[in-house]
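Secondary and tertiary structure notes
In case you want the letters, here they are:
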Amino acid sequence: MQLRTTVSLAYLLGICFFSNILVANSFCFTANRRDPAEQDNKESHCRGPPRAPDDHQGEDKKSAEDNKNNKQEDDLFLVLEKTAGGVDGGKILPARVASKQRSLCADDEDYEIILIANGKEKKCDWIAKKQVRKNKYCSTVNNGHLVSDMCPVTCGVCGCVDDEDFEIILIANGKEKKCDWIAKKQVRKNKYCSTVNNGHLVSDMCPVTCDACGPTAPTPTTPSPPTSSCADDEDFEIITSLGKEKKCDWIAKKQVRKNKYCSTVNNGHLVSDMCPVTCDACGPTAPTPTTPSPPTSSCVDDEDYEIITSLGKEKKCDWIAKKQVRKNKYCSTVNNGHLVSDMCPVTCDVCGPTAPSPTTPSPPTSSCADDPEYDLLVGGEDFSCSWIAEVASRKEEYCSTVNNGHLVSDKCPVTCDACGPTAPTPTVPSPTTPSPPTSSCADDPEYDLLVGGEDFSCSWIAEVASRKEEYCSTVNNGHLVSDKCPVTCDACGPTAPTPTVPSPTTPSPPTSSCADDPEYDLLVGGEDFSCSWIAEVASRKEEYCSTVNNGHLVSDKCPVTCDACGPTAPTPTVPSPTTPSPPTSSCADDPEYDLLVGGEDFSCSWIAEVASRKEEYCSTVNNGHLVSDKCPVTCNSC
């Protein structure tokens, strides 16, 4: 007992002795390091009285002591930094990190995350290369730190503004475009935000445009379960196996998701705690029949509410109300965080028993005409009466049937020859009624097809003959393609299709001299290419020269490339070995190119592993490029 007391007393005396030294050195260190002007005033306290200048031996000894003191000060600086400045959320950071966080917002070059799958170490710049990695790692704790604290630039927590000076460079023509140009179209966001351009990840330089600002990272304390009432936490997000963030309402849409996630811990919380309504964890008293009731005071659609369609577009209640098929599709679903019928009660006929009166849908009273508001439901899509008139066999198939609650011949009497005994035959076959659009038969320049996440005009279909068969009879972006591209799809009728485009007057050579137009661009796979691109591969002449692209007959804009300068010049110009030579070095798959499939990236060799993948992907646009252009060997397009 006496020995233990003696040891404890000696231990306490040692601590006091060391504390005095630490305080003294801290005093000297701060004086020397932070205010050099006070060094002379503090010298007597830190180093004793000054020595004689002519004492060389003392001077050498003094230098040795100074070096020793400086080393002690540097070591002490690390201690002080750890105890004073480098504490973050209860964790002691290295001194270099603490000082860096105080001075400027920058990623820590020395910090590394550790991958769970293989134990590899990766730096912040590796996370920055792909948005899916940011989604997966920035809000997690890895290697002892919150990743967004160590990689604030990568994770977008430094302050979210688009860089006004940053410009992307378009591959096709070298033009420079700013963030606001990308922001004008959703298809541009999809195309560029996840790519590296002009030395930067575009979403890092245009975070507002690319919706990459995200919620501030350090918010793990907010999503506590509701205290007063049982409700899903609107801010809580699970992280799926693909690294995507999904809210409670996404889980609620399918029972299989409830089974999969509700009993698991995800993003630091038990999912049923954060999504109690979705996971049926409120108890027996809290089923939610009260919420979906129509508005208390008056039954009106919410003017500010918007659903998000499968194409990513935002639509209001009145858009749903225009077609019954849309009501059937959306009213009973949860969209943009709300049950659609709650936000659009008038549109969805949930205001009470008086609204859906059966008196309205009577056939037209004044004259015999097809009902422009009526839609047939065929294969889950909606079609107008004119769609029946396009093919004779459709009359026999549909006119005598009940579709969408009505006898089709009642809603489409002109199309179905049901206007009465006097007018059936002369009305329908007359050239006036089924004629093409009022002024002339022309492709709609405002219409875009959506293929592989990109938008294409009617002229894109015309570039390859097989595309007519593939797309013209399908519904794309809310319209039957042949209705919006009648010229391309040969749907103008027997009189109009051929004489307009192949007229002999248009393809005349340029007036002054025969030369390719340097300002003209072809639109292929969502990219624009010059005439010289056609000349690089011989087969492209046959494929493109006789087609209409970007509003012009290609041979008119590229007469030299397409041998359209006249009878005297064709052979010496084109077959020269310089212009139509194959690609400069060799035909090879691009090793840097990645396809994005299901949130993962795959190389060209992945396509080659299964034969069916060539048919599925080679002719599509993926990650901003036509796949066959980036994988020519795999896609047999050399």
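Thresholds, definitions, all that
Residues numbered from 1 in each chain as written. Predicted model: local features only at pLDDT ≥ 70, side-chain atom pairs only at ≥ 80, totals over all residues. Heavy atoms only, no water. Helix = DSSP H or I, 4+ residues; strand = E, 2+ residues; numbered from the N terminus. Contact = heavy atoms within 4.5 Å. Disulfide = S-S within 2.5 Å. Buried < 20%, exposed > 50% of the residue type's maximum accessible area, 1.4 Å probe, protein only. 1 Å grid on protein atoms, 1.4 Å probe; cavity = no way out; pocket = protein on both sides within 12 Å on 5 of 7 lines; lining within 4 Å. Points joined across faces, edges and corners; volume = space filled by probe spheres on them. Nonpolar A, V, L, I, M, F, W, Y, C, P; charged D, E, K, R; others polar. Polar contact = N/O pair within 3.5 Å; in protein donor to acceptor, adjacent residues only side chain to side chain.

Section: the environment of leucine 170
Note that leucine 170 resides in the loop between strand 7 (167-169) and strand 8 (176-178). A C-alpha to C-alpha distance of 9.2 Å links leucine 170 and aspartate 528, two positions 358 residues apart in sequence. Not counting the four nearest positions on each side in its chain, leucine 170 is found in contact with Lys175, Lys177, Trp181 and Tyr192.

Some thoughts on the state of the cysteines
Under the counting rule described, the total for this entry stands at 22 disulfides. Shown here is the disulfide that connects cysteine 248 with cysteine 275, its sulfur atoms set 2.0 Å apart. In this structure, the disulfide formed by cysteine 248 and cysteine 275 twists by about -70 degrees around the S-S bond and is classed as left-handed. Of the two residues, cysteine 248 is situated in helix 11 (residues 248-252) and cysteine 275 in the loop between helix 13 (271-274) and strand 15 (307-308); the sequence distance between them amounts to 27 residues. For the pair cysteine 248 and cysteine 275, one class covers both residues: buried.

Focus: empty space enclosed by the protein
Counted under the stated rule, the structure contains one cavity of 30 Å³ or more. In this model, the largest cavity occupies a volume close to 40 Å³. Surrounding the largest cavity, Val451, Phe456, Trp460, Arg467, Gly525, Ser619, Thr620, Val621 and Leu626 form its lining. Its residues placed into classes, the lining of the largest cavity shows five nonpolar, three polar and one charged.

Here we look at the side chain of threonine 488
Relative to the helices and strands, threonine 488 is located in the loop between helix 23 (481-484) and helix 24 (497-500). Looking at threonine 488, its side chain comes within polar contact range of the side chain of aspartate 443, at 2.6 Å. Once you skip the residues sitting within four places of it in the chain, threonine 488 turns out to touch Asp443, Cys458, Ile461, Ala462 and Lys468.

So far we have only geometry, and geometry alone does not tell us how the molecule works.
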